[in-house]
Structure formats: structure tokens, C-alpha cells
Amino acid sequence: MSENRPDRPVRDADPVRNAAYWARVERNAATAPPLTVEQKATLRVIFAPVVTAMTREAK
């Protein structure tokens, strides 16, 4: 787990089930193949408006 990771949303009110959910997410992500350059570029385009809005809100 990264120390710089932002807080994750709570997916289940039960802390044990919530931790299990995020552990599954981490296991699935760890076994996924790396993204291609094209996939990374697509994601940057998709999330650019969100990042821009977050940057504006932080100021």
C-alpha cells in the first residue's frame, strides 16, 4: 500500500467487510497487466476535466 494514497471511500459500513473489499481490489489490480501507452493516454483525456476541477477547488 502506498503511503501517498488518498483516503478510499467506504464501500461497506462494516470495517471488516470494507477492508476485505479493498483487499480484493488491490489483489485484482496487482494481477492485471500493465496499461499500454494508448490506454494511459485515453485515461488522461477522460480524467483531465476532473483533475482540473480538483486543482481549482484546492486553491
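Preceding this paragraph is the structure being described.
Since the model is a prediction, treat every value here as computed from it, not as a measurement.

Novice: Got a minute to help me understand the overall build of the protein chain in this structure?
Specialist: Helix and strand counts for the protein chain stand at 2 helices and 0 strands. Within the protein chain, buried positions represent 3% of all 59 residues. Of the roughly 5,600 Å² of accessible surface on the protein chain, a fraction of 60% belongs to carbon and sulfur atoms.

Novice: Hey, could you run me through a nonpolar patch on the surface in this one?
Specialist: Taken together, Leu35, Leu43, Ile46, Phe47, Val50, Val51 and Met54 make up a surface patch of nonpolar side chains, about 640 Å² in accessible area. The topology assignment puts Leu43 in helix H2 (residues 37–58).

Novice: What's the story with the pattern of salt bridges in this structure? I'm lost.
Specialist: Oppositely charged side chains may form a pair once their charged atoms are brought near each other. In total, this model carries 2 salt bridges according to the counting rule given. The partner of Asp12 in a salt bridge is Arg17, with the nearest N and O atoms 3.4 Å apart. Classification of Arg17 as exposed rests on a relative accessible area of 55%.

Novice: Could you clarify how one ought to interpret the side chain of Asn18 in this entry?
Specialist: Structurally, the position occupied by Asn18 is in helix H1 (residues 15–31). Looking at Asn18, its side chain comes within polar contact range of the main-chain nitrogen of Asp12, at 3.3 Å. When near neighbours in sequence (up to four residues on either side) are disregarded, Asn18 contacts Pro9, Val10, Arg11 and Asp12.

Basis of the calculations
- Residues numbered from 1 in each chain as written.
- Predicted model: local features only at pLDDT ≥ 70, side-chain atom pairs only at ≥ 80, totals over all residues.
- Heavy atoms only, no water.
- Helix = DSSP H or I, 4+ residues; strand = E, 2+ residues; numbered from the N terminus.
- Buried < 20%, exposed > 50% of the residue type's maximum accessible area, 1.4 Å probe, protein only.
- Areas by Shrake-Rupley, 256 points an atom, 1.4 Å probe, with all protein chains shown as cover.
- Patch = residues over 30% accessible without salt bridge, like charges linked within 9 Å, V, L, I, M, F, W, Y side chains within 5 Å.
- Salt bridge = Lys/Arg side-chain N within 4 Å of Asp/Glu carboxyl O.
- Polar contact = N/O pair within 3.5 Å; in protein donor to acceptor, adjacent residues only side chain to side chain.
- Contact = heavy atoms within 4.5 Å.

The values are spatial; any link to function lies outside them.
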